[in-house]
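Tertiary structure, described
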Amino acid sequence: MEEKKYRKSNLVEMNIILNKYIFFPSLKIKGYIDLIPKIKIKVNNEQKIIFKLTQFKKCEYQSEKNGKIENHSESSEDLIKSKELYIHLKDNYLSQKIKINFNFLLPGDEKQNFYPTFEYRKKDVNIFIRHLLTIEIPDIEVKNSIGVIICKLPEKKDNLKKEDLNIFKDKKINIAFGIFKKGRLPYEIKIEKLSYSLDEEIPLKLKIMPKDLKDIEIDSIDIILKKQIAIKGSNYGISTHLREENYNIYEKKYIGLSVKKDFLEFKEILKAHRYDIPDFTDREIERYSKFDLDFIERDDQRMQINPSINIDQFMCQYKVEIKFKFNSFFKSDIIENFIIDMYTMKPSSNDEDELKHLFSGDENPYFDSQIFTKKEEDNSDNDTDFVVLENKDFYKILNGEENNNNSNK
């Protein structure tokens, strides 16, 4: 960091006040600056004000080699956008506080390598992307900076197919390297969409018909929301993960009688634990907006913000995983998954209306989300997490047909 970013002017104090501190790309940062002269000073009538948005990246971690701990650190500083504004003062002297309004348009998709704010820490790992708005008036040698939080937008799904949101398999089950045939396991998995905010519920439907299994049973079914954070690198010229952290941020296991029925339907709502979700209170935002010597250093008081991201240095990926485990030593698990794009948050104000259409698309037309909010009459007194289906109904589902009761699914 340039030292003059910290330097206090002996002549003028500058304060930066923003309307808010959390922003989406392509929208404006709005606010004002207060100029407070410490003494009466002579100035030019026309003053140039320079605005800069800077992005800081840092990736540091420890590894062990030959019994010794090695420290690794890589950082960069990128100018995302700059803008100059000219103002005219009433006279040639600055003797009392003045207020200067401004707005600063953020770049969007057209700006390469403009990433969302990101923060991840554990004892020996520190990864972050932070954003700093700096305002300078060169003529009177005053400069100040303030941190902002840049949200991640949903990824564009230009060629989303039915198969991306629906998994259908009629799987042959063999054990002992395929020597013994143990029947079939038809199942269908549907997810509502593939893009969610970090605090949003993820509805999932799973239909299974284990009745055609022979001498083998499903031991358990796991439904998991996973988060993977990896530091990238290479080993002998081959791309690899130098460090990888995996978390199950939601998990539901079905065992016992719930997996011993002939026809099953599960309706699961996945959601991250509260401590995995950013809580943008004023206190937390202040930790990101306050600019000091520690702005580009580790600060364990800051919350962790982990939207999906995949850049040269590191990645953060979310996955919904469905795992079938069998009661046979010779049969490995069956695992199906959906890769989920987790963005920071949804637009909430009128200023963000122009972006709201980005958050409403790509929903599964074969998914009836109302079943998660309404009570079904046949199961109003049943607290179990599964229902028994009719044989004919499930085969209609397997064949892509819809029965009258599920015509909207």
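In this report, we go over the structure that sits alongside the text. (Residues numbered from 1 in each chain as written. Predicted model: local features only at pLDDT ≥ 70, side-chain atom pairs only at ≥ 80, totals over all residues. Heavy atoms only, no water.)

Digging into the sheet that holds strand 3 (residues 28–37)
A sheet is described by the order of its strands in space; here 3 strands give the open sequence 1-3-8, paired in antiparallel fashion. The outermost strands of the open sheet, each flanked by one partner alone, are strand 1 (12–18) and strand 8 (98–105). Averaged over all pairs of adjacent strands, the angle between their axes in this sheet comes to 25°, without regard to strand direction. Here 7 bridges tie strand 1 to strand 3, and the two strands are oriented antiparallel to one another. Opposite Ile16, over in strand 3, you have Ile33 as the bridge partner. (Pairing = 2+ DSSP bridges. Helix = DSSP H or I, 4+ residues; strand = E, 2+ residues; numbered from the N terminus. Axes fitted to C-alpha atoms, helices over the stretch in contact; angles between N-to-C directions.)

Some points on the side chain of Asn166
Looking at the secondary structure, you find Asn166 in strand 12 (residues 166–175). Judged by relative accessible area, Asn166 falls into the buried class, the value being 10%. Looking at Asn166, its side chain comes within polar contact range of the side chain of Asn364, at 3.0 Å. When residues no more than four places from it in sequence are discounted, the contact partners of Asn166 are Ile189, Lys190, Phe338, Asn364 and Tyr366. (Buried < 20%, exposed > 50% of the residue type's maximum accessible area, 1.4 Å probe, protein only. Polar contact = N/O pair within 3.5 Å; in protein donor to acceptor, adjacent residues only side chain to side chain. Contact = heavy atoms within 4.5 Å.)

With respect to the environment of Lys157
Structurally, Lys157 is set in the loop between strand 11 (142–150) and helix 1 (162–165). When its relative accessible area of 29% is taken as the criterion, Lys157 is described as partly exposed. Between the alpha carbons of Lys157 and Asp362 there is a distance of 7.2 Å; along the sequence they are 205 residues apart. Dropping the residues within four chain positions of it, Lys157 is found in contact with Asp341 and Asp362.

Examining the nonpolar core
One finds Leu185, Ile191, Ile221, Val320, Phe324 and Phe338 to be the most contacted residues of the largest nonpolar core, which totals 52 residues. No other element matches strand 20 (residues 314–326), which puts 7 residues into this core. Each residue touching Phe338, except ones within four places of it in the same chain, is listed here: Asp164, Leu165, Asn166, Ile167, Ile189, Ile191, Leu194, Leu204, Tyr318, Lys319, Val320 and Ile322. With 30 residues, the next largest nonpolar core counts Met14, Leu18, Phe23 and Ile87 among its residues. (Core = buried A, V, L, I, M, F, W, Y, C linked by side-chain atoms within 4.5 Å.)

Coordinates in, geometry out; function isn't part of it.
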